[in-house]
Amino acid sequence: MPASSRTGGPNSKHSFAAFDSISLQREDQILLLLTLIIGAVVGFVVVAFIVLTENLGSKLYPANGAAWRRLLIPIAGSLTAGFFLARYFPNARGSGIPQTKTALFLRDGYISFKTVLGKFGLCSLTLASGIALGREGPAVHIAAGIASVLGRRLGLSPRSVRALLPIGAAAALAAAFNTPIAAVLFTLEEVMGDMHAPVLGSIVLSSATSWMVLHLLLGDEPLFHVPAYQLVHPVEFVFYAVLGVVGGLVSVAFVKLLLWMRKRFLRLPKSTMWLQPVAGGLLVGLIGWFVPQVLGVGYGFVDQALNGKMLIGTMALLVGLKVIATATCYASGNAGGIFGPSLFMGAMAGGAVGGVAHWLMPDYTGSVGAYALVGMGAAFAGTVRVPLTSVIMIFEITRDYSIIVPLMIANLLSYFISSRLQEEPVYEALQHQDGIHLPSGARAREDLITVAHALKPQMHALPANLSVAQALASAEGERAIWPVTDENGLRGMIAKDQLEAAAAGGFGEQTLGDLVPDPGPIESLTEARFPHVHADHSLQSAMQRLAQSGLAELPVVSRGNIRELRGTISAKDVLDAFALGRPAAAVAAETKTTRKLFLGVVAALMAMALLMGFLNYFFRLERTNRANGYYRAAEELMQRGSHEEAIQRYRDALSASHSVDYRLALGLALVKAGHASEAPIYLNEVRATQYEYANPAVSTSPPPPLAKGVRPYTGVSSPDVAATAPFGNSRVHLRIVAFRHRASISLSLL
């Protein structure tokens, strides 16, 4: 093609780089507004995902339900999901993190809307039916798909669509875990592989937006309630180090078992794909018949382990059963992630180690719950290989900073052992099993001119069964080298002088397959044995490989299949790419499109703001009513002496409405029920609240308790006040001491 036609004519003043700079600068401005929309939409969707899964699960597994449900429902759920996964939604299998990374690096951010719908519906079904997988990984895939669909519908460039995927991923994790900081770190550390990604600001903004939507709709409570941690003696650091070793070994066992089983499932005939997930459902059902704690994610049992309510033997047993159940469910092709199960395994392993430590040295070790908490981080760091995210995530989940030092010790050891015994991280290994090899390192990748800008889409390849004479007769006269292909894809490249030399030597009847032998199995093809480049390689890398191979042109192949030909590239193509331009008319058209896009995004933001305002009012009113109902139920249970059930209702009330009075009621109920280690978590927060009692006669007419006569403290001097009020079948004594700027509240149960 003449140079003038490729540059838009001799009068064109817009080079390829200049045009991209103008166009992408405008899209970057639009990207900021899209970030807010994606964060809010993803927040709504993840909340709906959580509510749907939990409500459906409560319907399938009602309180005091028959034991047969634990056997048959996982089988039925996996069978139904397996049919739809094989027939309609093949890309909705698995966790979603590997699929998101593949879309980000190999498919220009493309995730279909069909996959988003399938992931949402089928994950809700499988998780509610008790399959031993998690919801956080699927939430990331769903959110990235929403961002991808939105970006493509708005006509954004592939570069901008790719940038939207990590923005959606961070928003999903922030809402799913209620951990906005850890969501940002995980997205940078694992999804993008670049802690200095150019879209860092947008990732932070989307995470914060999604987190705010979560709080507006479901309230603000940590995922788990844990007792306050205290280091009893420095010898505890030894036990935490042992816990790090145990966490690393558990992580390695889980990953190796998962990969070993999945490798064998992948070898089964494709006609059995719809039936394979039943293997996971059947195993979970059989285990759940005897040990129901294995069903589902198991966050409720994690909470019990964190509060020291489980036996050492039970926790140790659950570690092994959960490893087997989760590995089988994932390997057999069910839809679900490994985030939640890894936290479950870690909590049980930590609780078991902490229980043994406390049994051996009760005067030198803290509560079992502290070890369970550290175990969660150790298992997550060893399994997913994100040690920094693991530390911050555990802190955000529990909101207990005092556990950070033991957590860092255990995480470091777990990460070290896991990386030595299982070199490939789990997500990377899963992609390799699917024949996908992602590029290493992502820094500055978006700013490079890559092979994709310069390659020639392949229009003419020579079949391997073609004879030398036929190849010379059919080959294009202008070209000096051609790719040779067979039924398995690319075999290699053959030059025109090779064909002419073979014909002159009397080998005109030989096939091209004789001159270009089969390269061998895909896994054995290296750069030296099979010269090639990928579309995301930089042009500098392409020039280096051209020089090293000695070929006039190199084949451009897919990262998903190294023998899948995408085109060819030569040194001339590389040089032309640096000078490639676009006509001024294209810039004008881009400006017009960008203006329309900007107006559309602004309108969407205004509509989103109105919708959020209405939903905020509606859900706030609904949460208040729900909290009052929970509180009244708790009061009745306390009157009947059902303290444990009352505590759960008080927790529900506090989760729905963060009233200091609900917090006080929960703390007092914990004291009365004998949970002295957990009660200070709530009572200390009540003591820190700035209140004074103007009237010693405190009324407890529900709702809420101890509310009448209470008003914000104004700093006016007030004498010590003591009051006694009824609480359940007992009485609570409160003593208030007024200071200049605050009031101190002490409570005791009579």
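Please refer to the structure higher up on the page.
Just so it is clear, the model here is predicted, and its values are computed rather than measured. (Residues numbered from 1 in each chain as written. Predicted model: local features only at pLDDT ≥ 70, side-chain atom pairs only at ≥ 80, totals over all residues. Heavy atoms only, no water.)

Description of the pattern of salt bridges
For step 1, the next point in the chain: Counted by the stated rule, this structure contains eight salt bridges.
For step 2, the next point in the chain: The closest approach of N and O atoms between R262 and D434, which form a salt bridge, is 3.2 Å. Linking R262 in helix α10 (residues 236-266) with D434 in the loop between α18 (426-433) and β1 (462-463), this pair joins segments that are 172 residues apart in sequence.
For step 3, the next point in the chain: Overall, the relative accessible area of 13% leaves R262 in the buried class.
For step 4, the next point in the chain: Since its relative accessible area comes to 42%, D434 is described here as partly exposed.
For step 5, the next point in the chain: Of the charged contacts in the structure, one is a salt bridge between D486 and R491, with a shortest N-O distance of 2.8 Å. Comparing D486 with R491, the two get one shared label, buried. (Salt bridge = Lys/Arg side-chain N within 4 Å of Asp/Glu carboxyl O. Helix = DSSP H or I, 4+ residues; strand = E, 2+ residues; numbered from the N terminus. Buried < 20%, exposed > 50% of the residue type's maximum accessible area, 1.4 Å probe, protein only.)

Description of the nonpolar core
Most often, soluble globular proteins have nonpolar side chains that are buried together.
For step 1, the next point in the chain: One finds L343 and M376 to be the most contacted residues of the largest nonpolar core, which totals 125 residues.
For step 2, the next point in the chain: Element by element, the count of residues in this core is highest for helix α7 (residues 158-177), at 14 residues.
For step 3, the next point in the chain: In this structure L343 touches F177, Y299, M376, F380, M393, I394 and I397, once residues within four positions along its chain are discounted.
For step 4, the next point in the chain: Grouped together as the second largest cluster of nonpolar side chains are 17 residues, A627, L637, L670 and Y682 included. (Core = buried A, V, L, I, M, F, W, Y, C linked by side-chain atoms within 4.5 Å. Contact = heavy atoms within 4.5 Å.)

Focus on the sheet that holds strand β2 (residues 481-486)
For step 1, the next point in the chain: Across the sheet, three strands lie side by side as β1-β2-β3; this open sheet has mixed pairing. If you trace the sheet from one side to the other, it starts and ends with β1 and β3 (489-495), each paired once.
For step 2, the next point in the chain: Relative to β3, β2 is paired through six bridges, and the arrangement is antiparallel. The partner of I481 across the bridge, within β3, is A495.
For step 3, the next point in the chain: Packed onto the sheet, helix α20 (residues 496-504) meets β2 and β3 and runs at close to 75 degrees relative to β3. (Pairing = 2+ DSSP bridges. Axes fitted to C-alpha atoms, helices over the stretch in contact; angles between N-to-C directions.)

Quick notes on the packing of helix α12 (residues 299-306) against helix α15 (residues 368-384)
For step 1, the next point in the chain: Following both chains from N to C, one finds α12 and α15 inclined at 135 degrees, their axes separated by 7 Å at the closest point. Overall, the two elements α12 and α15 adopt an arrangement that is oblique. Two secondary-structure elements touch here, α12 through V302, A305 and L306 and α15 through G369, A372, L373 and M376.
For step 2, the next point in the chain: Tallied by class, residues from the contact of α12 with α15 come to six nonpolar, one polar and no charged. (Parallel < 35°, antiparallel > 145°, perpendicular 65-115°, else oblique. Nonpolar A, V, L, I, M, F, W, Y, C, P; charged D, E, K, R; others polar.)

Observations regarding a nonpolar patch on the surface
For step 1, the next point in the chain: On the surface, L79, F83, F84, Y88, W274 and L275 cluster together into a nonpolar patch covering about 520 Å² of accessible area.
For step 2, the next point in the chain: Assignment of secondary structure puts Y88 in the loop between α3 (68-87) and α4 (97-106). (Patch = residues over 30% accessible without salt bridge, like charges linked within 9 Å, V, L, I, M, F, W, Y side chains within 5 Å. Areas by Shrake-Rupley, 256 points an atom, 1.4 Å probe, with all protein chains shown as cover.)

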